[in-house]
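Listed below, chain by chain, are the residues.
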Amino acid sequence: MAAPLEVIVSSDSAAQMWNSTVFDLHSGSSLLSYRGGNSTARTLTVLRGEYLLSAQLGKNFINVWEIQRKDQLQQKLMCPGVVTCLSASPNGLFLAAGVAEAVYLWEVSTGKLLSVLSRHYQDVTCLKFTDDGSHFVSGGKDNLALVWSLASVIQLDLSHTPEPRHVLSRHSLPITDLHCGMMGAQARVATASLDQTVKVWELSSGELLLSVLFDVEIMSVTFDPCEYFLFCGGSDGNIFQVSLCSQSLSRDKSFQSDNDGNQIFKGHRNLVTCLSVSMDGTLLLSGSHDETVRLWDVQSKQSIRCLAHKGAVTNAIIMPAPANMFLPDSRPAVPLPRFSRHLHTADGAEAADVCVRIGLYAQEEEDTYCRKSFILKCCCVSGGRGHVPAES
């Protein structure tokens, strides 16, 4: 049988038989499982297509598995504290984690701690990189979402305190989830909150584009790949689909089910903890505290598969299957080092000794950029997408 193009990876709080498991997206059959511990919500991430990572629930370490090794026990990366959220940059060079009210950023190749960002006032709840790895966004219990430029926080001078590029401060209660759309620094960002709203922002300017009010607290949020729809998981088990292409869309609106693309997926019996959409936008995946993961047909709003778990679902994502996931004889090209827990080295030297390795292919891109700099100075590349108005 040919290896699947996309797979489902999920975890639950009980972890009786496994920590995380991989399912075939179209058949629902179990393909791989990873044993040892259990995973905190919003921490399941893939690093370089070679490692599966997740933070241990209530402990100060990250579980690590080689992605192709079936039923192995986890390795452990020790952290400065309990990790509440985790995200790897798309190129696999950096790993960011929320620990209490701070965001820790490591260089993966060396394990060096590059920066500790203490700009939140309460615990960090969610963390996501943009698809080009140029920025990441953190959300917290302090009602704030912070947009960080990666280049600005990788700094060698400890006397300089990095500041976020934008502070998104329009929520009135803790942020529960966030999602970064496509197009890198020009992306849109969606934030969900206990204040019963989901807000859509322009990452480049920090401007609020859209605020949708619901009747329940919103626990999870995602876009489809084309950003035609916004999917919002409620505390009542419902999933709300909001059309982003409506001609009558205003900046502030209340959700109402209608024939213009605003619909409700009904099936879960408890709060929806995680949402993910397939690459072609036709399938929606949801995980819930009712101990099930459901796969939905977006067009019909029907549940086409229900995957039972032994505890509240903490993570459920649809992702492209890494090339070596089903090659048992393959091994990671580079082993993971131990991660430093301090910005200072053991002999008291400061972080000025940090060497940021760009990576071979990234260096080639930089060389190409330098050769063509005289052209790039005169060029402006822009992209167009479906309209979401900035003002009503």
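Scoring rules and cut-offs
Residues numbered from 1 in each chain as written. Predicted model: local features only at pLDDT ≥ 70, side-chain atom pairs only at ≥ 80, totals over all residues. Heavy atoms only, no water. Helix = DSSP H or I, 4+ residues; strand = E, 2+ residues; numbered from the N terminus. Buried < 20%, exposed > 50% of the residue type's maximum accessible area, 1.4 Å probe, protein only. Contact = heavy atoms within 4.5 Å. Pairing = 2+ DSSP bridges. Axes fitted to C-alpha atoms, helices over the stretch in contact; angles between N-to-C directions. Salt bridge = Lys/Arg side-chain N within 4 Å of Asp/Glu carboxyl O. Phe/Tyr/Trp six-rings, centres within 6.5 Å; stacked < 30°, edge-to-face > 60°. 1 Å grid on protein atoms, 1.4 Å probe; cavity = no way out; pocket = protein on both sides within 12 Å on 5 of 7 lines; lining within 4 Å. Points joined across faces, edges and corners; volume = space filled by probe spheres on them. Nonpolar A, V, L, I, M, F, W, Y, C, P; charged D, E, K, R; others polar. Polar contact = N/O pair within 3.5 Å; in protein donor to acceptor, adjacent residues only side chain to side chain.

Student: So what's going on with the side chain of Gln241? Which residues, and what values?
Tutor: Secondary-structure assignment places Gln241 in strand 22 (residues 239–243). With relative accessibility at 2%, the residue Gln241 sits in the buried group. With residues near it in sequence (within four places) discarded, Gln241 still touches Phe229, Leu230, Phe231, Phe255, Gly261, Asn262, Gln263, Phe265, Val298 and Lys301.

Student: Help me get a handle on the sheet that holds strand 27 (residues 292–297), residues and values and all.
Tutor: Overall, antiparallel pairing links the four strands, which are arranged 25-26-27-28 in an open sheet. Looking at strand neighbours, the two that pair on one side only are strand 25 (272–277) and strand 28 (302–308), the edges of this open sheet. Strand-to-strand twist in this sheet, taken as the mean axis angle between neighbours without regard to direction, amounts to 20 degrees. Note that strand 27 and strand 28 share six bridges and pair antiparallel. Following the sheet pairing, Arg294 is matched in strand 28 by Cys306.

Student: Kindly report on the pattern of salt bridges, identifying the contributing residues and their values.
Tutor: Tallying each qualifying case throughout the model produces seven salt bridges. The salt bridge partner of Asp177 is Arg42, with a shortest N-O separation of 3.6 Å. On the criterion of sequence distance, the pair formed by Asp177 in strand 16 (residues 175–180) and Arg42 in the loop between strand 3 (30–34) and strand 4 (45–47) is long-range, its members being 135 residues apart. For the pair formed by Asp177 and Arg42, the shared burial category is buried. A salt bridge links Glu50 to Arg48; its shortest N-O distance comes to 3.5 Å. Its relative accessible area of 14% is what places Glu50 among the buried residues. Where salt bridges share partners, they join Glu66, Arg69 and Arg331 into one cluster.

Student: Give me the packing of aromatic side chains: which residues, what numbers.
Tutor: Geometrically, a pair of aromatic rings is defined through the distance of the ring centres and the angle of the planes. Counting across every chain of the model gives eleven aromatic pairs. A centroid spacing of 5.4 Å and a plane angle of 25 degrees characterise the contact between Phe214 and Phe255, whose relative ring orientation is stacked. Of this pair, Phe214 sits in the loop between strand 19 (208–213) and strand 20 (218–223) while Phe255 sits in the loop between strand 23 (252–254) and strand 24 (263–265), placing them 41 residues apart in sequence. A relative accessible area of 3% means that Phe214 is categorised as buried.

Student: Residue-level account of the layout of surface pockets, with values.
Tutor: Roughly 1500 Å³ of volume is contained in the largest pocket. Forming the boundary of the largest pocket are 47 residues, of which Lys128, His179, Ile317, Ile318 and Met319 lie nearest the centre. When contributions to the lining of the largest pocket are tallied by element, the ones reaching two or more residues are strand 4, strand 8 (83–88), strand 12 (124–129), strand 16, strand 20, strand 25 and strand 29 (313–320). Across the lining of the largest pocket, the residue classes break down as 25 nonpolar, 14 polar and eight charged. Computed from the structure, the second largest pocket encloses a volume of approximately 410 Å³. Ala41, Arg42, Thr125, Thr176 and Met219 are the residues nearest the centre of the second largest pocket, which is lined by 18 residues in total. When contributions to the lining of the second largest pocket are tallied by element, the ones reaching two or more residues are strand 12, strand 16 and strand 29.

Student: I'd like a rundown of the environment of His268, residues and numbers included.
Tutor: Considering the arrangement of structural elements, one finds His268 in the loop between strand 24 and strand 25. Along the chain, His268 and Asn238 lie 30 residues apart, while their C-alpha atoms are 6.6 Å from each other. Non-local contacts of His268, meaning those with residues more than four positions away in its chain, are made with Asp236, Gly237, Ile239, Ser286, Ser288, Asp290, Thr292, Arg294 and Trp296. Looking at His268, its side chain comes within polar contact range of the side chain of Ser286, at 2.6 Å. Of the polar contacts made by the side chain of His268, one reaches the side chain of Thr292; its length is 3.4 Å.

Student: Lay out the pairing of strand 29 in plain terms, naming residues and giving numbers.
Tutor: In terms of burial, strand 29 is a largely internal element, six of the eight residues being buried. Note that strand 1 (residues 6–12) and strand 29 share seven bridges and pair antiparallel. What sits directly across from Ser10, in strand 29, is Ala316.

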